[in-house]
Amino acid sequence: MATLLRSKLSNVATSVSNKSQAKVSGMFARMGFQAATDEEAVGFAHCDDLDFEHRQGLQMDILKAEGEPCGDESAEPPVEGDIHYQRGGSAPLPPSGSKDQAVGAGGEFGGHDKPKITAWEAGWNVTNAIQGMFVLGLPYAILHGGYLGLFLIIFAAVVCCYTGKILIACLYEENEDGEVVRVRDSYVAIANACCAPRFPTLGGRVVNVAQIIELVMTCILYVVVSGNLMYNSFPGLPVSQKSWSIIATAVLLPCAFLKNLKAVSKFSLLCTLAHFVINILVIAYCLSRARDWAWEKVKFYIDVKKFPISIGIIVFSYTSQIFLPSLEGNMQQPSEFHCMMNWTHIAACVLKGLFALVAYLTWADETKEVITDNLPGSIRAVVNIFLVAKALLSYPLPFFAAVEVLEKSLFQEGSRAFFPACYGGDGRLKSWGLTLRCALVVFTLLMAIYVPHFALLMGLTGSLTGAGLCFLLPSLFHLRLLWRKLLWHQVFFDVAIFVIGGICSVSGFVHSLEGLIEAYRTNAED
């Protein structure tokens, strides 16, 4: 008995000693400091492991002494703060069977059974994201920026390509053997790692909010552009732009019943091909009027008040960072990711620059927010109907993504959920959950009705969330997670991108908001 008592006292003393060391390392980690050397970092983590093993062994000794079974279920669960900051600040993996499972079938880390995509297929997905129908607003950006607007199209392509690469670099860390391994699976996981252990979920919530805003604003833009295109295609009909937006929303209301995107995904390839055909038709028409191009209208001066709006428009047309971690994780050869990013952004830069310049040279000061509205009536109606069909078929994608983020963050986090689940035990959507989805569709309609300005909304979204997700957060996360391994020029690029992106974001947001207020007042007076 005395021997058993001395053994327990020794275990307790060792546990307290190791736990105190672990808490000291945790305190420094919470303050944002890393261990001075790799050996110390491994030592701190090892202290935590010993602490966990001692506490678990002590619990098992007590249970054995009391005659109770000593299975895994009876062991004391680990304290959240004890292992939260080890292994590069990553949180422990969720238990088996959870929806956020990171290891196993369907997980990002262990999903080897999932079919992988080639670099060409990944490039096609990125191309769809950065060369969608929002390029129709780029000539309007040249109207207020001139040659500086063209430079900004090139600059945004270079920066977004770079930040996409450094964002993927934040997914990886070196293990104890010096091997680079993937330890995170998403933008949210990177953000949480940067804020851990003091605020382990703050970064993810910030990214989720930015993502929801961008997705919902994208839905609003689809409704706005649908109403705008139909109104300008049939100006003789006694139907206003707001009425066309209501008709478009009525068509989109069944999106509230979506459980998956299988039905919609069948049309994605046709929509993308149709959009490329439309771009070619617009460029062909502009080339047919090459003799009348107004080169003298393209100047080096900028409209100080409206050029920041152009920055937001251009940045928004390049946003793809939010899904890059998932895309890279599903590639057959992740080593080809950098090459894929290079050629997709070079192609986007060339095509966007040519499209914007050629369209502006054709219509000069008469360039409208949506460039197809400048086409002659006979061509405009056909082109705009195709564009409306593409917008309506593209709407379910951001809508469904926004719904998933909302449901996961507010309704599906177990005991931490703010509201009860939207789904019943049989997997069916509850009536109030369906009501919330319908309310989201109606909200996009109301925004489209009261703020029917495509370019201003696009500039506002690009300045608010586009610059944050593409410029600010990737550079900040790169500095925070990989500071000790960065070269001086990488630090310089990250800091420069953060500063320039912050200035562009603030100025673009302020001027876009001023433009929307001014446009709203003008509409109210009319």
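Residues numbered from 1 in each chain as written. Predicted model: local features only at pLDDT ≥ 70, side-chain atom pairs only at ≥ 80, totals over all residues. Heavy atoms only, no water.

In the nomenclature of an unreviewed UniProt entry, the chain is known as Vesicular inhibitory amino acid transporter of Prolemur simus.

1. A look at the side chain of S320
Our working definition: In this description a helix means any DSSP run of H or I spanning at least four residues, a strand means any run of E spanning at least two, and both kinds are numbered starting from the N terminus. Remark: exposure states derive from per-residue accessible area (1.4 Å probe, protein chains only) relative to the maximum for the residue type, with buried under 20%, exposed over 50%, and partly exposed in between. Should any heavy atoms of two residues lie within 4.5 Å, those residues are considered in contact.
Locating S320 in the fold gives a position in the loop between α11 (307–316) and α12 (324–329). The exposure class assigned to S320 is buried, which follows from its relative accessible area of 2%. Ignoring sequence-local partners within four residues, the contact set of S320 consists of A129, I130 and C470.

2. Side note on the pattern of salt bridges
The condition is simple: We define a salt bridge as a side-chain nitrogen of Lys or Arg found within 4 Å of a carboxyl oxygen belonging to Asp or Glu.
Tallying each qualifying case throughout the model produces three salt bridges. Here E173 makes a salt bridge to R184, at a shortest N to O gap of 2.5 Å. One end of the pair, E173, is in strand β1 (residues 172–174); the other, R184, is in the loop between β2 (180–182) and α6 (187–195), and eleven residues separate them in sequence. Under the relative-accessibility criterion, E173 is labelled buried at 17%. Notably, a salt bridge pairs R182 with E328, separated by 3.0 Å at the nearest N-O pair.

3. Quick notes on the layout of surface pockets
Heads up, the condition is: Cavity means a closed set of points on a 1 Å grid over the protein atoms alone, one where a 1.4 Å probe fits but cannot get out, pocket means an open set with protein on both sides within 12 Å along at least 5 of 7 lines, and lining means a residue has an atom within 4 Å of a point. Grid points are joined across faces, edges and corners, and a volume is the space filled by probe spheres set on the points. Each residue gets one label: Ala, Val, Leu, Ile, Met, Phe, Trp, Tyr, Cys and Pro are nonpolar, Asp, Glu, Lys and Arg are charged, and the others, such as Gly, are polar.
Roughly 250 Å³ of volume is contained in the second largest pocket. If you trace the second largest pocket, you find 13 residues lining it, with K306, I309, L456, G515 and E518 closest to the centre. Of all the secondary structure elements, the ones that give two or more residues to the lining of the second largest pocket are α5 (138–169) and α18 (488–525). With five residues, α18 is the single largest residue contributor to the lining of the second largest pocket. Classifying every residue of the lining of the second largest pocket gives four nonpolar, four polar and five charged.

4. Things to note about the packing of α6 against helix α17 (residues 454–482)
Rules: Helix axes are fitted only over the stretch in contact, all axes being lines through C-alpha atoms; the angle between N-to-C directions runs from 0 to 180 degrees. Each angle is binned into one of four classes, with values under 35 degrees roughly parallel, values over 145 roughly antiparallel, values of 65 to 115 roughly perpendicular, and all other values oblique. For any pair of crossing helices, the crossing counts as left-handed if the nearer helix is rotated counterclockwise from the farther one by less than a right angle, and right-handed if it is rotated clockwise.
Their axes nearest at 10 Å, the elements α6 and α17 cross at an angle of 45°. Classified by the angle between their axes, α6 and α17 sit oblique to one another. The interaxial crossing formed by α6 with α17 has left-handed handedness. Across the interface between the two elements, Y187, I190, A191, A193 and C194 from α6 touch G468, L469, L473, P474, F477, R480 and L481 from α17.

5. Notes on the packing of α5 against α17
Angle between the axes and distance between the axes: these two values describe a pair of packed helices. Between α5 and α17, whose axes approach to 10 Å, the crossing angle comes to 35°. Read as a crossing pair, α5 and α17 show a hand that is left-handed. Together, Y140, V159, C160, Y162, T163, I166, L167 and A169 of α5 and A455, C470, F471, P474, S475, H478 and L482 of α17 make up the contact between the two elements. Grouping the amino acids of the contact of α5 with α17 by side-chain chemistry returns twelve nonpolar, three polar and no charged.

6. Looking at the side chain of E328
Going by this rule: Throughout this description, a polar contact denotes any pair of N or O atoms lying within 3.5 Å of each other; where both atoms belong to protein, one of them has to be capable of donating a hydrogen while the other can accept it, and for residues adjacent in sequence the pair is counted only when both atoms sit in side chains.
Position of E328 relative to the elements: it lies in helix α12. When its relative accessible area of 2% is taken as the criterion, E328 is described as buried. Within polar-contact distance, the side chain of E328 engages the side chain of R182 at 3.0 Å. In contact with E328, other than residues within four places in its own chain, are I168, L171, Y172, R182, P334 and F337.

7. A look at a nonpolar patch on the surface
We apply this condition: Only residues whose relative accessible area exceeds 30% and that form no salt bridge are eligible for patches; like-charged ones are grouped when within 9 Å, while nonpolar side chains (Val, Leu, Ile, Met, Phe, Trp, Tyr) are grouped when within 5 Å. The protein chains shown are the only cover counted for residues, whose accessible areas, like all others here, come from Shrake-Rupley with a 1.4 Å probe.
On the surface, L476, V495, F498, V499 and I503 cluster together into a nonpolar patch covering about 420 Å² of accessible area. The element contributing the most residues to the nonpolar patch is α18, with four residues. Inspection of the secondary structure assignment puts L476 in helix α17. L476 gets classed as partly exposed once you look at its relative accessible area, which sits at 39%.

8. A few points about the nonpolar core
What counts, and what does not: In this text, buried Ala, Val, Leu, Ile, Met, Phe, Trp, Tyr and Cys residues form a nonpolar core when linked through side-chain atoms within 4.5 Å.
Counting residues in each nonpolar core, the largest one holds 116 residues, and the members touching the most others are Y318 and Y395. In terms of residue count, the dominant contributor to this core is helix α7 (residues 202–233) (15 residues). Sequence-distant contacts of Y395, that is, excluding residues within four places in its chain, are made with C219, Y222, V223, L252, C255, V441 and T444.

9. Structural notes on the environment of V206
With respect to the helices, strands and loops of the structure, V206 is situated in helix α7. Residues V206 and A191, spaced 15 residues apart in sequence, show a C-alpha to C-alpha distance of 8.2 Å.

10. Here we look at α11
Of all ten residues making up α11, ten are buried, and the element is well covered by its neighbours. Of the residues making up α11, those classed as buried are F307, P308, I309, S310, I311, G312, I313, I314, V315 and F316.

11. Topic: the packing of aromatic side chains
Definition in use: Think of it this way: a Phe, Tyr or Trp ring, Trp meaning its six-membered ring, pairs with another when their centres are within 6.5 Å, and the plane angle makes it stacked under 30 degrees, edge-to-face over 60, tilted otherwise.
Using the criterion set out here, one finds nine aromatic pairs in the structure. Pairing W293 with W295 gives two aromatic rings, centres 6.2 Å apart and planes at 65°, and the pair type is edge-to-face. A relative accessible area of 17% places W293 in the buried class. Here the aromatic rings of F492 and F493 are separated by 6.0 Å at their centres, their planes lie at 55°, and the arrangement is tilted.

12. Some points on helix α13 (residues 337–363)
Inclusion rule: One less than the residue count of a helix, multiplied by 1.5 Å, gives the span that helix is expected to have.
For α13, with 27 residues, the first-to-last C-alpha span of 39 Å sits near the 39 Å given by 1.5 Å per residue. In the segment just after α13, A364 is the residue with positive phi, at about 50°.

13. Some remarks on the environment of V209
By the secondary structure assignment, V209 is in helix α7. According to the relative accessible area criterion, V209 is partly exposed, its value standing at 48%. Expressed as a C-alpha distance, the spacing of V209 and S409, which sit 200 residues apart in the sequence, is 9.8 Å.

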